[in-house]
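# Working through the structure, step by step
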Amino acid sequence: MLDLLRTITDQFNGKSATPEPTGQDPMRLAAGALLLEMGSVDGRLDGSEKDLVMGLLQRLFDLSEAEATELMVEAGEAQAASADFFKFTEPLKRDMAFEDRIQIVEALWEVALSDGVVHDYEASLVRRVCGLLHVPDKESGAARKRAGARRR
């Protein structure tokens with residue numbers, strides 16, 4: 001019943017239950033959408049966070065600037081059209097090696113730490129994503145430390 005209400009509400013608000021297919025690799029698109037969500041979960045996605053997400057996408061997936069820009073646009077559209085995280089975490093959990101999923105979590109922590117303050121919503125998002133990616137708290141904590149050390 002609740003799923004039906006969410007679907008109707010999402011359709012009314014212009015959100016699609018499933019984003020339109022794009023030419024992007026589903027794992028890249030999912031990672032990009034999660035990183036953009038992390039950047040905006042505290043209420044704003046500023047230029048420095050966008051630049052950081054761009055750099056993270058380039059580093060994680062060995063993309064050129066043009067490829068990363070295209071991925072960010074499509075990931076932003078998918079993120080804006082989404083009502084949940086499952087559709088983004090599922091391809092990562094299913095098709096990525098455990099070590100690569102930890103890299104995604106570390107990238108999420110980099111975005112969360114980018115402004116010097118981890119907002120409660122950011123910490124909550126990482127915990128939820130870790131649960132869906134089957135990344136234990138211990139690994140998430142180590143990823144946070146590495147992200148914090150890289151920030152300094």
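As a starting point, this report considers the structure included with it. (Residues numbered from 1 in each chain as written. Predicted model: local features only at pLDDT ≥ 70, side-chain atom pairs only at ≥ 80, totals over all residues. Heavy atoms only, no water.)

Time to look at the overall build of the chain. Helix and strand content of the chain: 8 helices and 0 strands. In the chain, the order of α-helices and β-strands from amino to carboxyl end is α-α-α-α-α-α-α-α. For the chain, long-range pairs separated by at least 24 residues make up 77% of all intrachain contacts whose partners lie at least 6 apart in sequence. Summed over all atoms, the accessible surface of the chain reaches about 8500 Å², with 53% contributed by carbon and sulfur. (Helix = DSSP H or I, 4+ residues; strand = E, 2+ residues; numbered from the N terminus. Contact = heavy atoms within 4.5 Å. Areas by Shrake-Rupley, 256 points an atom, 1.4 Å probe, with all protein chains shown as cover.)

Relative to the assigned elements, D62 resides in the loop between α3 (47–61) and α4 (65–81). Apart from the residues lying within four places of it in its own chain, the contact partners of D62 are L57 and E67.

Generally speaking, a soluble globular protein has its nonpolar side chains buried in company with each other. Of all hydrophobic cores here, the largest spans 42 residues; its most connected members are L35, M38, L57, F61 and V105. Element by element, the count of residues in this core is highest for helix α6 (residues 98–113), at 9 residues. (Core = buried A, V, L, I, M, F, W, Y, C linked by side-chain atoms within 4.5 Å. Buried < 20%, exposed > 50% of the residue type's maximum accessible area, 1.4 Å probe, protein only.)

What follows concerns α3. Along its 15 residues, α3 runs 21 Å from first to last C-alpha, staying within 8% of the 21 Å computed at 1.5 Å per residue. Among the residues making up α3, those that are buried are E49, V53, M54, L56, L57, L60 and F61. End-on view of α3: buried residues confined to an arc of 165°, all on one side of the axis. Those residues of α3 that are exposed and aimed more than 90 degrees away from the buried face are S48 and D51. Next to the buried residues of α3 lie α2 (26–40), α4 and α6. Among the residues trailing α3, D62 stands out with phi positive, at a value near 55°. (Expected span 1.5 Å × (residues − 1). Arc of directions from axis to C-beta.)

With that out of the way, let us pick up the packing of α3 against α4. Taken N-terminus to C-terminus, the directions of α3 and α4 make an angle of 115°; their axes are 9 Å apart at the nearest point. As for how α3 packs across α4, the hand of that crossing is right-handed. Residues K50, V53, M54, L57 and Q58 of α3 touch α4, and the partners they reach there are E65, A68, T69, L71 and M72. In the contact of α3 with α4, the residues fall into 6 nonpolar, 2 polar and 2 charged. (Axes fitted to C-alpha atoms, helices over the stretch in contact; angles between N-to-C directions. Left-handed = near helix turned anticlockwise from the far one by under 90°. Nonpolar A, V, L, I, M, F, W, Y, C, P; charged D, E, K, R; others polar.)

Our next topic: the side chain of E106. Residue placement: E106 occurs in helix α6. E106 has contacts with A143, R146, A147 and R150, leaving out every residue within four places of it along the chain.

All chains considered together, the criterion is met by 10 salt bridges. Between R44 and D42 there is a salt bridge, with its nearest N and O atoms 3.9 Å apart. What makes R44 partly exposed here is its relative accessible area of 44%. Linking R146 and E106 is a salt bridge whose minimum nitrogen-to-oxygen distance equals 2.8 Å. Separated by 40 residues along the polypeptide, R146 in helix α8 (residues 137–151) and E106 in helix α6 bring together distant segments of the chain. The partly exposed category is assigned to R146, whose relative accessible area is 36%. Residues joined by salt bridges that share partners form a network here, namely R59, E106, E110, R146 and R150. (Salt bridge = Lys/Arg side-chain N within 4 Å of Asp/Glu carboxyl O.)

In short, shape yes, function no, at least from these values alone.
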